[in-house]
Amino acid sequence: MSVDDPGPPVPDEPSDVDPGAEADPDGEAVTDTGEHPLALRLEELILGAPRQYTPFQAARAAGVSMDLAARFWRAMGFADIGQARALTEADVLALRRLAGLVEAGLLSESMAIQVARSTGQTTARLADWQTDSFLEGLTEPPEPGMTRAEVAYPLVELLLPELEEFLVYVWRRQVAAATSRVVQSDDEEAVDRRLAVGFADLVGFTRLTRRLEEEELGELVEAFETTAADQVAAYGGRLIKTLGDEVLFVADDPGTASEIGIRLIETMTGDETMPALRVGMAFGTVTTRMGDVFGTTVNLASRLTSIAPRDAVLVDGDFAEALAEAGDAPLSEADVDAADAEKYRFALQPMWRRPVRGLGVVEPWLLTRRG
């Protein structure tokens, strides 16, 4: 919901707009509060109710303090709106639900704030992406004389229930998968777990930003993120986040991470439109919080990525040892008999020991697919 510049309650019909309002380039009048009447109509359509409450009234109706309501609101990623009448019955219900979880002892107040923040951050990005993809691309007037506004409203009206159902389905699937991982892990691993962490980074991306047009650059980034997400998911990893020219992923074991890292290299090198890729991976204790991962293992994987050769995968010593213990790769090729060579999936080659900023001296290993 956009509440950066809240205005009066939404009129029942667009013809109720202030006759003294100015017109925007699409021909729609703009209210004297600066808001586009179509934006107000779309907001009411999406939220399912008109603006009705000020923040104080919403907090009182939800039975929570104004301070807690403001903290929830900010955690969800929305700007302070003073005491403008800009909230709906849905906002009251959301406050009541969060406060009810705290009162019932199911969540602490700080945990409820974290739930609001993580949900807000995740859905904000999703909403931006969907709006850019659907509204920007699909609201171009199909016929001369039609305005963008005339196309947007019915499009949202049709898409909204379908996207909502799909969002809930995917969310339930993800919660089921995450819950299964937690239940199957040891109690000590609920927050601090041993995971294989990997970064994949496009080589020369800064130079590309100066050479490519914005649209071309956007298409390249989207293709990279799509390819990475597909490969990570297909081989059993989890994509933590994308950073334009870089992706961060994790896997439960080095063997799975190795397959993902090498598959990324193989897939990208087979695409002439994509730049070279480098991958760095480490294995060790990782702190998970709000869907992200932190700790020395993550930092080491990032540093290994920065020193990895083009179209190559570097791993740390713990990763190499765990891979060897699982029987996926030998630590020394000298110990491999010709008869046993076929049982290994990967090969490891020790590289020169070198100092890594903030982490001391490390010995990276070059990881390749055997044969």
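In short, a report on the structure. (Residues numbered from 1 in each chain as written. Predicted model: local features only at pLDDT ≥ 70, side-chain atom pairs only at ≥ 80, totals over all residues. Heavy atoms only, no water.)

**Points about the packing of aromatic side chains**
For clarity, the threshold we go by: We call Phe, Tyr and Trp rings a pair once their centres come within 6.5 Å, taking the six-membered ring for Trp, and we label the pair stacked below 30 degrees between planes, edge-to-face above 60, and tilted otherwise. Criterion for a charge above a ring: Arg CZ or Lys NZ at most 6 Å from the ring centre, at most 35 degrees from the ring normal.
Counted under the stated rule, the structure contains two aromatic pairs. Taking the ring centre of Tyr-153 as reference, the NZ or CZ of Arg-41 above it sits at 4.2 Å.

**Some remarks on the pairing of strand 12 (residues 365-369)**
In plain terms, the rule: Here, a strand pair is defined by DSSP locating no fewer than two bridges between the strands. Numbering of helices and strands runs from the N terminus, with a helix taken as a DSSP run of H or I at least four residues long and a strand as a DSSP run of E at least two residues long.
Bridge analysis of strand 8 (residues 312-315) against strand 12 gives three bridges, and the strand direction is antiparallel. Considered in strand 12, the bridge of Val-315 is made with Trp-365. Sheet topology note: the strand 9 (residues 346-350)/strand 12 ladder contains five bridges and is antiparallel. Across the sheet, Gln-349 pairs through a bridge with Leu-366, a residue of strand 12.

**A look at a negative patch on the surface**
We count it as follows: A patch consists of residues whose relative accessible area exceeds 30% and which take part in no salt bridge; residues with like charges are grouped when within 9 Å of each other, and nonpolar side chains (Val, Leu, Ile, Met, Phe, Trp, Tyr) when within 5 Å. The protein chains shown are the only cover counted for residues, whose accessible areas, like all others here, come from Shrake-Rupley with a 1.4 Å probe. Salt bridges are identified by distance alone: a Lys or Arg side-chain nitrogen within 4 Å of an Asp or Glu carboxyl oxygen. By the counting rule applied here, Lys and Arg register as positive and Asp and Glu as negative, while His and the ends of each chain are not counted. Charge coordinates come from a single atom per side chain, which is NZ of Lys, CZ of Arg, CG of Asp or CD of Glu.
Residues Glu-213, Glu-214, Glu-215, Glu-216, Glu-219 and Glu-222 make up a contiguous surface patch of negative charge. Mapped onto the fold, Glu-215 is located in helix 8 (residues 214-234).

**So, unusual backbone geometry**
Rules: With a 1.4 Å probe rolled over the protein chains alone, any residue whose accessible area is under 20% of its type maximum counts as buried; one over 50% counts as exposed, and the rest are partly exposed.
In the Ramachandran plot, Asp-311 falls in the positive-phi region, its phi being about 55° despite a non-glycine side chain. With respect to the helices, strands and loops of the structure, Asp-311 is situated in the loop between helix 10 (296-307) and strand 8. Judged by relative accessible area, which is 34%, Asp-311 ranks as partly exposed.

**A few points about helix 10**
Put simply, the rule is: Take the residue count of a helix, subtract one, and multiply by 1.5 Å to get its expected span. What the arc covers is the set of directions going from the helix axis to the C-beta atoms.
Spanning 12 residues, helix 10 covers 17 Å between terminal C-alpha atoms, matching the ideal 16 Å at 1.5 Å per step. Within helix 10 the residues assigned to the buried category are Thr-297, Val-298, Leu-300, Ala-301, Leu-304 and Thr-305. Down the axis of helix 10, the buried set is contained in an arc of 160°. They therefore lie on one face.

**Some points on a positive patch on the surface**
Where like charges cluster on the molecular surface, the positive patch consists of Arg-207, Arg-210, Arg-211 and Arg-310. Among the secondary structure elements, Arg-310 is positioned in the loop between helix 10 and strand 8. The exposed category is assigned to Arg-310, whose relative accessible area is 56%.

**With respect to the packing of helix 9 (residues 254-269) against helix 11 (residues 317-325)**
Here is the rule we go by: Axes here refer to lines fitted to C-alpha atoms; in helices the fit is confined to the stretch in contact. Angles between the N-to-C directions go from 0 to 180 degrees. Note on angle classes: values under 35 degrees are labelled roughly parallel, values over 145 roughly antiparallel, values of 65 to 115 roughly perpendicular, and the remainder oblique. Contacts between residues were defined by any pair of non-hydrogen atoms, one from each residue, lying within 4.5 Å. Note that Gly is not counted as nonpolar here; it falls among the polar residues with everything else outside the nonpolar set of Ala, Val, Leu, Ile, Met, Phe, Trp, Tyr, Cys and Pro and the charged set of Asp, Glu, Lys and Arg.
As a packed pair, helix 9 and helix 11 sit with axes 9 Å apart at the nearest point and diverge in direction by 110°. Considered as vectors, helix 9 and helix 11 are oriented roughly perpendicular to each other. Packed against helix 9, whose contacting residues are Pro-254, Gly-255, Ala-257 and Ser-258, the element helix 11 presents Phe-319, Ala-322 and Leu-323 at the interface. For the contact of helix 9 with helix 11, the per-class residue count stands at five nonpolar, two polar and no charged.

**Notes on the pattern of salt bridges**
Two side chains that carry opposite charge are able to pair once their charged atoms sit near each other. This model, assessed by the stated rule, comprises 12 salt bridges. Between Glu-259 and Arg-263 there is a salt bridge, with its nearest N and O atoms 2.9 Å apart. Of the two residues, Glu-259 and Arg-263 both sit in helix 9, four residues apart, roughly one turn of that helix. Judged by relative accessible area, Glu-259 falls into the buried class, the value being 10%. Residue class for Arg-263 comes out partly exposed when judged on its relative accessible area of 30%.

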